[in-house]
Amino acid sequence: MNVRVLIFCLLWPLQAAAQGFAGLGSAAEGFAVPQPDPVFDFPADHGAHPDYRIEWWYLTANLEGPDGTAYGIQWTLFRSALLPETLQGWGDPQIWFAHAAVTTPQAHHVAERVARGGIGQAGVEPAPFRAWIDDWQMAGPNFDRLRVTASGPEFRYALDLQAEGPLVFHGEGGFSVKSAEGQASYYYSQPFFSVEGVLSLPKGDVPVTGQGWLDREWSSQPLSDTQSGWDWFSLSFDGGAKLMGFQLRQTDGTTYSAATWIGADGQTTSFPDGAFRARALEQTEVAGRTVPTRWQVELPDKGVDVTVSALNRAAWMDVSLPYWEGPVSVAGSHAGRGYLEMTGYE
Amino acid sequence: MTGAGFSALWSHWRRNPLQLFTLVAGLALATALWSGVQAINAEARASYDAAAQTLGEGRFDHLLPRAGETVGQDRYVALRRSGWQVSPVLEGRVFLPDNSSVRVLGIDPLTTPGGLSPVRMEAVGGLAGFLTEASLFADAETAARVDGHLEGQVVVDPSAAPGVVITDIGTAQALLGQSGRISRMIVAELQPIGLPPLDRIAPDLIRRPAQEVSDVGRLTDSFHLNLTAFGFLSFAVGIFIVHGAIGLAFEQRRGMVRTLRALGMPLGRLVWLMVAELFVLALLAGALGVVLGYLIAGFLLPDVAATLRGLYGADVAGSVRLRPSWWASGFAIALIGTGVAAAGALWQIARMPLLASARPRAWVMARGQGAWRLGALAGLLLLAALGFALWGSGLAAGFALLACLLTGAALALPLILRAVLRLAEGRARSAVWQWFWADTRQQLPSLTLALMALLLAIAANVGVSTMVSSFRLTFVGFLDQRLAPELFITADTPEQAAALEGFLASRAREVLPVNSVETQVAGLPTELFGARVGLTYRENWQFLAQGPDPWDRVGAGQAVIINEQLARRAALWVGDRIAVGPDLSLPIAGIVADYGNPIGQAVVAEAVFARLFPDQAATRFGLRSDDPAALRRALIDDFGLPEGNIVDQAQIKAFSLEVFDRTFTVTAALNVLTLAVAGFAILMSLLTLAALRVPQLAPAWALGLTRAALGRLELRRAVSLAVLTTVLALPLGLALAWVLLAVVNVEAFGWELPMYLFPLDYARLALFALLAAVLAALWPAIRLARTPPGDLLKVFANER
């Protein structure tokens, strides 16, 4: 059994593989469950919530080199609790794992880390903000100014992030419903980071600038038993407006969708199931699976009808529980860039 | 025609069941000893492999503490936080109420490098169960031993290495009382770019490359080499029997062969029929041998396992599993052995002129004619052995030396015996004795093979038991030397160590810090010790080679003492200078034996050590005391040292010795078995001879020797031949022991074992050999004494 399978087992402690992605099955024994009308307490809520089963700090960024080449980076720290408590020492049931990636038009470099809480190898502290696992770190005096580092066998990067807009709350004030049965998570973002830093790649160092989007989400049962995966889009349009939209694919072939329109000033509009539509236009064979890498995305209420295309179709995250995640370009009614994440493609 | 030929061939065995029995039993015995030993070796190897797989030994580099047994887990976190992809391991022994022990192996499944598959976690509900419940994984045998004695849920996992309990590192820390400590770290193959160097993050750790980690294999190889040598010698003895039986059977069937060919059966087909017949017999005997070997292995393995565990800390399963590898090797060796034994006989049959006379006795006589050719060959082989001993180098030369020596000696045996018998004949005063010696000499050719088997069996026993006993004596001396202090204590911190030294100043006779670092000496990985030179060192350490006043000079910081491994590898000896530090080189004052240690060792004075490694404070101490029990109580009650930090030396030593004595069970059992095989060879030779010899004994009987007297003479003949062979086997056995100790051991493992002689053991062995010979000769002698006079008279009646 290798690490990959171990994590697979970790993430599937009780349920069959068909029931949801990334341990997001519906059972939540003993764990706290998100409730409507949340009142967030910052900076504490930037930190970990060990009472909830799963939580993440999820940064993606669209970057550009001096020659105009487009790059994408991902930095994600997951927390997965075996029990709703946290302890000192090896007995801590909080498991941390992280994925980092750098995507270029030609290459996609991935690295993964796994650690146990309780011994100082990984964790998150809210103020001053510090999220870390091994040598990977996202830290700064506060949540608005962060330095992000990661390294793998083929790459490393160090990026400085500066927030240029407010936090954005999805769903009903940060209570994001994920199914018709009412499964939900707490979900907010900082989509207004300007990014500057250096990517160290096999061909050498590349200074980069661009825009970053940091998602914060935690829950204990965000997926319904009948949901098998999701397609998630974070798009930044040239006019300054942004769109977060996702559809959860259900085993009966239907989808459950939700979206947040983010104005250039940070004003948000949430859209219920059905308003946001995503249709696969083109499939790519990657890592032995068929994955859509060109999409038609519509949000008619905001006049959005765009084609979303992967920068690198082979942006497969070959980690313990693999998925597709990579930078995209946007054309059509709106132009821009963004990130696409697709899970549950077997 | 083929069917008729086959039934004709088979009728021989029907008429001579004893010959058939000799053939099958000899081959089966030979195969049994060989495959029994192979089974033991295969079992041990499988156990090592399982252990190595658990730990990733031989595949991944490891980080080990430079000094001491463990480091704080903060080192692990610091390395991870700087990017190093390492995984922590904590291991240690836990003693069970029955005084046996298991090795507890604590791992962190989240970080073990990919592909390491310690246990099947599904049994405890996956990783979550492994991490959150104290689950202990062990094979069935170990699980049964620890169940109820260790805290946690015991899960049977057949893939676990024997004697090992695998658990989460947190659970292991609790079981071993090593909270916050780890033994070592496994370094993953893939590391991120831009990794800071190890000595900047954790200078107290040393990186050991993958291939150097697995010491167990190298150490235990010596033990298995001995077993294999034993197995092979036993097999050789068995093959002698088979050779004799096949030769005789073929000779007796010459008449039948002639008849069959005269009736029109082609020679080629006849030879193939005989090959097929032997093939079937070999398969039968091989199967029997493998089953016997399985029983032998099952009988010996628990002792072998205990020996290996005690000597080297290598855990081996205590029960034999049927592995295809040694099944196959058992059959293969039976077939090859039969082939070797039968090749000559088949060749003779193939060459035999159609109308050659078929006189069985001629076969026996003819064997004497080649004696001088054999003698020349023996001389050549012994010369070659001498050459290998003088000029050979390398392990291959060592084995070539062994082969030449043993074969040469076996071939020379009939010549020597013949000479001795001729001498005895010349000195005989009465006619009976003259006849006795002449008749013995005349019988020699047909007994040669059995006597060669006896020679090899005795020599192997003398050689191997000398080696094992020498090893034991040396090892005991080594234990005395290294475990002289009555108590060993460990302090948790350097501060506590300083306090302990103060506390002990008036209470212990001597306080000996055990302070060492892993470093490079003369460019080789070496453990450097700082010693507080005192009476203990002076009285207990024995040198392989030494200059004047070694300890005085070491104590004064003017010299260094190194172990044999370092001396041999660096090609340095007493008086040479060796660089122990960046700008310090000292002359070597003495060289000590250091058994079972794969790396070099160097001992300098405490002060020199402190100058070289100022940050390295001793936290382990050996204590000399006249009343260790009182000192132990004082340490626990008055000083407050945890009981787990004190180790009683007597316990360790008793344990080691008990284990070593188990080795003797194995050796003794193999001794008995090989001697039994040789005795069997003599019995069979005498039995087959008995019938043939009636015509030669009849005249002696007619001249007035009673049958009882003839029987006694037969017995005496067997005894005198056995005595002669034994006397010749002793020097051969000692030569064998010398080759094993001084040549093979040095080439294979880098250290020489001093050879000790054990005259009492040899006397006992000689007695056993004689006993075997007497027992073997008894039945034929009794049969002779009871031969009906009519049979003896018939000899004259039938004489043509």
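See above for the structure.
All residue numbers here refer to positions counted from 1 along the written sequence of the relevant chain. Naming scheme: in the order in which they are written, chains are lettered from A and ligands are numbered from 1. In keeping with the model being predicted, local features are shown solely for residues with a pLDDT of at least 70 and side-chain atom pairs are shown and tallied solely at 80 or more, while totals for entire chains, interfaces and linings include all residues. Excluding hydrogens and water, the side-chain figures rest on all heavy atoms present in the structure.

Some details on the overall build of chain A
Moving on, step 1. Per the convention used, a helix needs a DSSP run of H or I reaching at least four residues, while a strand needs a run of E reaching at least two, with both numbered from the N terminus. Check the secondary structure of chain A and you find one helix and 23 strands.
Moving on, step 2. The buried share of chain A, taken over its 346 residues, is 59%.
Moving on, step 3. The contact criterion used is simple: two residues touch if any of their non-hydrogen atoms lie within 4.5 Å. The contacts of chain A with a sequence gap of at least 6 include a subset with a gap of at least 24, amounting to 56%.
Moving on, step 4. Areas reported here follow the Shrake-Rupley algorithm with a probe of radius 1.4 Å; residue values treat only the protein chains shown as occluding. A total accessible area of about 12,300 Å² is found for chain A, and carbon and sulfur atoms account for 50% of it. Think of it in three bands: with a 1.4 Å probe and only protein chains considered, a residue is buried below 20% of the maximum accessible area for its type, exposed above 50%, and partly exposed in between.

What about the overall build of chain B?
Moving on, step 1. Within chain B, the regular secondary structure consists of 26 helices and 20 strands.
Moving on, step 2. Among the 800 residues that make up chain B, the fraction classed as buried is 55%.
Moving on, step 3. In chain B, once contacts between residues fewer than 6 apart in sequence are set aside, the share between residues at least 24 apart is 80%.
Moving on, step 4. When the accessible surface of chain B is summed, it comes to about 33,200 Å², and 61% of that surface belongs to carbon and sulfur atoms.

Considering the side chain of B:S11
Residue and element names in this part refer to chain B.
Moving on, step 1. Inspection of the secondary structure assignment puts S11 in helix α1 (residues 2–15).
Moving on, step 2. Overall, the relative accessible area of 16% leaves S11 in the buried class.
Moving on, step 3. For this analysis, a polar contact is any N or O atom pair within 3.5 Å, provided that within protein one partner can donate a hydrogen and the other can accept it, and provided that sequence-adjacent residues contribute only side-chain to side-chain pairs. Within the local environment of S11, its side chain forms a polar contact with the backbone oxygen of A8, the two atoms lying 2.5 Å apart.

Quick look at the packing of aromatic side chains
Moving on, step 1. Here a Phe, Tyr or Trp ring, Trp counted by its six-membered ring, pairs with any other such ring whose centre lies within 6.5 Å, and the pair is stacked when the planes are under 30 degrees apart, edge-to-face when over 60, and tilted otherwise. Overall, the coordinates contain 32 aromatic pairs over all chains when judged by the stated rule.
Moving on, step 2. Judged by centre distance (6.5 Å) and plane angle (35 degrees), the rings of B:W433 and B:W437 are tilted. Here the residue B:W433 and the residue B:W437 both occupy positions in helix α16 (residues 431–482), the gap between them amounting to four residues, near one helical turn.
Moving on, step 3. Ring geometry for B:F503 against B:F639: centres 5.2 Å apart, planes inclined by 55 degrees, an arrangement best described as tilted. Of the two residues, B:F503 sits in helix α17 (residues 494–504) while B:F639 sits in helix α22 (residues 628–639), which places them 136 residues apart along the sequence.
Moving on, step 4. The class of B:F503 is buried, set by a relative accessible area of 13%.
Moving on, step 5. Relative accessible area serves as the criterion here: at 23%, B:F639 is assigned to the partly exposed category.
Moving on, step 6. Here the aromatic residues A:F40, A:F42, A:Y52, A:F169, A:Y186, A:Y188 and A:W218 are joined through ring pairs into a cluster of three or more.
Moving on, step 7. The lysine or arginine in question, A:R130, covers the ring of A:W132, its NZ or CZ lying 3.8 Å from the ring centre.
Moving on, step 8. In this scheme, the term charge over a ring applies when either NZ of a lysine or CZ of an arginine sits within 6 Å of the ring centre and within 35 degrees of the ring normal. A cation over a ring is seen here: B:R507 above B:F503, with NZ or CZ 3.9 Å from the ring centre.

Section: the environment of B:L740
Residues and elements named next belong to chain B.
Moving on, step 1. As for its placement among the helices and strands, L740 is situated in helix α24 (residues 707–749).
Moving on, step 2. Look at L740 and you get buried, because its relative accessible area is 8%.
Moving on, step 3. C-alpha separation for the pair L740 and V464, spaced 276 residues apart in sequence, amounts to 8.2 Å.

Brief notes about the interface of chain A and chain B
Moving on, step 1. Across the boundary between the two partners, chain A contributes 30 residues, which contact 35 residues of chain B.
Moving on, step 2. When two parts are put together, the accessible area they lose, computed with a 1.4 Å probe and summed over both, is reported as buried area. Taken together, both faces of the contact between chain A and chain B bury some 2,500 Å²; the carbon and sulfur share is 62%.
Moving on, step 3. With a closest N to O distance of 2.6 Å, B:D108 and A:R116 form a salt bridge.
Moving on, step 4. The interface formed by chain A and chain B includes 13 residue pairs in polar contact (both at pLDDT 80 or more).
Moving on, step 5. Counting only elements with at least two residues in the side of chain A that touches chain B, the list comes to α1 (3–11), β4 (108–116) and β6 (130–133) of chain A. Within this document, salt bridges are pairs made up of a side-chain nitrogen of Lys or Arg and a carboxyl oxygen of Asp or Glu, the two lying within 4 Å of each other.

Digging into the packing of α17(B) against α22(B)
Residues and elements named next belong to chain B.
Moving on, step 1. Angles shown run from 0 to 180 degrees and are taken between the N-to-C directions of axes, each axis being a line fitted to C-alpha atoms and, for helices, limited to the stretch in contact. At a minimum axis separation of 12 Å, α17 and α22 run at an interaxial angle of 125 degrees. Between α17 and α22, the crossing angle belongs to the class labelled oblique. Taken as a pair, α17 and α22 cross one another with a handedness that is right-handed. Here Q496, A499, L500, F503 and L504 of α17 lie close against α22, whose contacting residues are L631, A634, L635, D638 and F639.
Moving on, step 2. Looking at side-chain class alone, the contact of α17 with α22 contains eight nonpolar, one polar and one charged residues. Any angle from 65 to 115 degrees is called roughly perpendicular, while one under 35 is roughly parallel, one over 145 is roughly antiparallel, and all others are oblique. Crossing handedness follows the turn of the near helix against the far one: under a right angle anticlockwise gives a left-handed crossing, and clockwise gives a right-handed one. The residue classification treats Ala, Val, Leu, Ile, Met, Phe, Trp, Tyr, Cys and Pro as nonpolar and Asp, Glu, Lys and Arg as charged. All others, Gly included, are polar.

Description of helix α6 (residues 169–176) of chain B
Moving on, step 1. If you check which residues of α6(B) are buried, you get B:I169, B:T171, B:A172, B:Q173 and B:L176.
Moving on, step 2. The positive-phi residue at the C-terminal boundary of α6(B) is B:G177, with phi of around 65 degrees.

Let's talk about the pattern of salt bridges
Moving on, step 1. Enumeration over the complete set of coordinates arrives at 31 salt bridges over all chains.
Moving on, step 2. One salt bridge connects B:E425 with B:R441, and the closest N-O pair in it is separated by 2.8 Å. Here B:E425 is found in helix α15 (residues 395–427), whereas its partner B:R441 is found in helix α16, with 16 residues between them in sequence. Like B:E425, the residue B:R441 is buried in the burial classification.
Moving on, step 3. We note a salt bridge from B:K794 to B:D791, for which the minimum N-O separation is 3.4 Å. Within this pair, B:K794 and its partner B:D791 are both found in helix α26 (residues 789–798), separated by three residues, close to a single helical turn.
Moving on, step 4. When salt bridges with common partners are traced through the structure, they connect A:R113, A:D134, A:D135 and B:R80 into a single cluster.

Quick look at the pairing of strand β13 (residues 524–531) of chain B
All names here are of chain B.
Moving on, step 1. Paired strands, in this sense, are two strands between which DSSP finds at least two bridges. Pairing of strand β12 (residues 510–521) with β13, which is carried by seven bridges, proceeds in the antiparallel orientation. When the sheet's bridge partners are listed, S516 is paired in β13 with F529.
Moving on, step 2. Hairpin connection, β12 to β13: the antiparallel pair is bridged by two residues, and A522 has positive phi, about 55 degrees.
Moving on, step 3. Note: β13 against strand β18 (residues 600–605), six bridges, orientation parallel. Each bridged residue has a counterpart across the sheet, and for L528 the counterpart in β18 is A602.

Description of unusual backbone geometry
All names here are of chain A.
Moving on, step 1. With an omega dihedral of 5 degrees, the bond running from F42 to P43 counts as a cis peptide bond.
Moving on, step 2. In this fold, P43 is placed in the loop between α1 and β1 (54–64).
Moving on, step 3. Looking along the chain, the bond that leaves A127 and enters P128 is cis, with omega of -10 degrees.
Moving on, step 4. Considering the arrangement of structural elements, one finds P128 in the loop between β5 (122–125) and β6.
Moving on, step 5. Unusually for a residue other than glycine, A287 sits at a positive phi of about 50 degrees.

Some points on the environment of B:D615
Moving on, step 1. Within the secondary structure, B:D615 sits in the loop between α21 (606–612) and β19 (620–624).
Moving on, step 2. Owing to a relative accessible area of 78%, B:D615 belongs among the exposed residues under this scheme.

Re the nonpolar core
Moving on, step 1. In terms of nonpolar packing, the biggest core is built from 69 residues, with B:L451, B:I458, B:I682, B:L732 and B:V739 touching the most fellow members.
Moving on, step 2. For this core, the secondary structure elements donating two or more residues are α14 (371–391), α15, α16, α23 (649–702), α24 and α25 (759–785) of chain B.
Moving on, step 3. With 17 residues, α16(B) is the single largest residue contributor to this core.
Moving on, step 4. Those residues in contact with B:I458, other than ones at most four positions away along the chain, are B:L675, B:T726, B:A729, B:L765 and B:A769.
Moving on, step 5. In terms of nonpolar packing, the next biggest core, distinct from the first, is built from 44 residues, A:F143, A:Y186, A:L199 and A:W218 among them. What we call a nonpolar core is a set of buried Ala, Val, Leu, Ile, Met, Phe, Trp, Tyr and Cys residues that are connected through their side-chain atoms within 4.5 Å.

A few points about helix α3 (residues 73–81) of chain B
An α-helical turn contains 3.6 residues, so a residue and the one three or four places further along point in the same direction.
All names here are of chain B.
Moving on, step 1. Buried within α3 are the following residues: Q73, Y76, V77, L79 and R80. The buried residues of α3 occupy one face: seen down the axis, they fall within an arc of 160 degrees.
Moving on, step 2. In the segment just after α3, G83 is the residue with positive phi, at about 105 degrees. Throughout, the arc means that of the directions going from the helix axis to the C-beta atoms.

Focus: the side chain of A:Q183
Residue and element names in this part refer to chain A.
Moving on, step 1. Relative to the assigned elements, Q183 resides in the loop between β11 (175–177) and β12 (184–201).
Moving on, step 2. According to the relative accessible area criterion, Q183 is buried, its value standing at 10%.
Moving on, step 3. Within the structure, the side chain of Q183 is placed 2.7 Å from the side chain of S179, a separation counted as a polar contact.

What about the pairing of β4(A)?
Residue and element names in this part refer to chain A.
Moving on, step 1. The buried fraction of β4 amounts to seven of the nine residues, a majority that puts the element mostly inside the structure.
Moving on, step 2. Strand direction decides the pairing type here: strand β3 (residues 94–103) and β4, joined by nine bridges, are antiparallel. The residue of β4 that forms the bridge with F97 is V114.
Moving on, step 3. The antiparallel hairpin formed by β3 and β4 contains four residues in its connecting segment.

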